[in-house]
Amino acid sequence: IIGRLGGEEFAALLPQTGLPAAREAGERLNAASAQTALPLGNGHMLHFTVSIGVCVFAAQNVTPEGLLKAADQALYAAKREGRNRVVSYSPELEMPGE
């Protein structure tokens, strides 16, 4: 299930998918986007990068908001680390005060 969250952010929900498979899906998406170029009207090609945050929760008491917050923290870690990469959520990524 894929949806736009706003701006340039999208989320993909992969039910019954563990962290290795979720990371692999993220890496495949990143590689595919790196190989994609869109022609512009001036004859140039537009290339782009993708930063991906991955999180997995098996606990029954996790809210959708909590899941999105964790994915968002991983996404921003990917951007801080240089963009165009996949980063998995870990509690160490949490920003002070969150």
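Since the structure is predicted, the reported quantities are computational estimates derived from the model, not experimental observations. (Residues numbered from 1 in each chain as written. Predicted model: local features only at pLDDT ≥ 70, side-chain atom pairs only at ≥ 80, totals over all residues. Heavy atoms only, no water.)

Overview of the side chain of Ser-33
Put simply, the rule reads: Only DSSP runs of H or I covering at least 4 residues are called helices, and only runs of E covering at least 2 are called strands; the numbering of each starts at the N terminus. Contact definition: two residues touch when any of their heavy atoms are within 4.5 Å.
Here Ser-33 shows up in helix 1 (residues 19-34). Aside from chain neighbours lying at most four places away, what touches Ser-33 is Phe-48 and Val-50.

Observations concerning unusual backbone geometry
Convention followed: Buried residues are those whose accessible area, probed at 1.4 Å on protein chains only, stays under 20% of the maximum for their type, while exposed residues exceed 50% and partly exposed ones sit between those limits.
Unlike most non-glycine residues, Gln-16 shows phi in positive territory, near 55°. Within the secondary structure layout, Gln-16 lies in the loop between strand 2 (9-12) and helix 1. Positioned with a positive phi, Arg-83 is a non-glycine residue whose angle comes to about 65°. Counting through the fold element by element, Arg-83 comes out in the loop between helix 2 (64-80) and strand 6 (86-88). Looking at Arg-83, the relative accessible area reads 48%, which means it is partly exposed.

Some remarks on the environment of Ser-51
For clarity, the threshold we go by: Polar contact criterion, stated in full: a pair of N or O atoms within 3.5 Å, where within protein one must be able to donate a hydrogen and the other to accept it, and residues adjacent in sequence count only if both atoms are side-chain atoms.
Following the sequence through the fold, Ser-51 ends up in the loop between strand 4 (45-47) and strand 5 (52-54). The exposure class of Ser-51 is buried, given its relative accessible area of 18%. Between the C-alpha atoms of Ser-51 and Ala-21, which are 30 residues apart in sequence, the distance is 17 Å. Engagement of the side chain of Ser-51 in a polar contact is seen with the backbone nitrogen of Asn-84, the distance being 3.3 Å.

A few points about a nonpolar patch on the surface
We apply this condition: Residues form patches when they are more than 30% accessible in relative terms and have no salt bridge. Like charges link within 9 Å. Nonpolar side chains (Val, Leu, Ile, Met, Phe, Trp, Tyr) link within 5 Å. Surface accessibility in these figures is a Shrake-Rupley result with a 1.4 Å probe; residues are shielded only by whichever protein chains are displayed. Take a side-chain nitrogen of Lys or Arg and a carboxyl oxygen of Asp or Glu: if they are within 4 Å of each other, that pair is a salt bridge.
A cluster of nonpolar residues, Leu-38, Leu-40, Leu-46 and Phe-48, forms a patch on the protein surface that exposes about 320 Å² of accessible area. What makes Leu-46 partly exposed here is its relative accessible area of 38%.

Shape is all these values report; function is a separate question.
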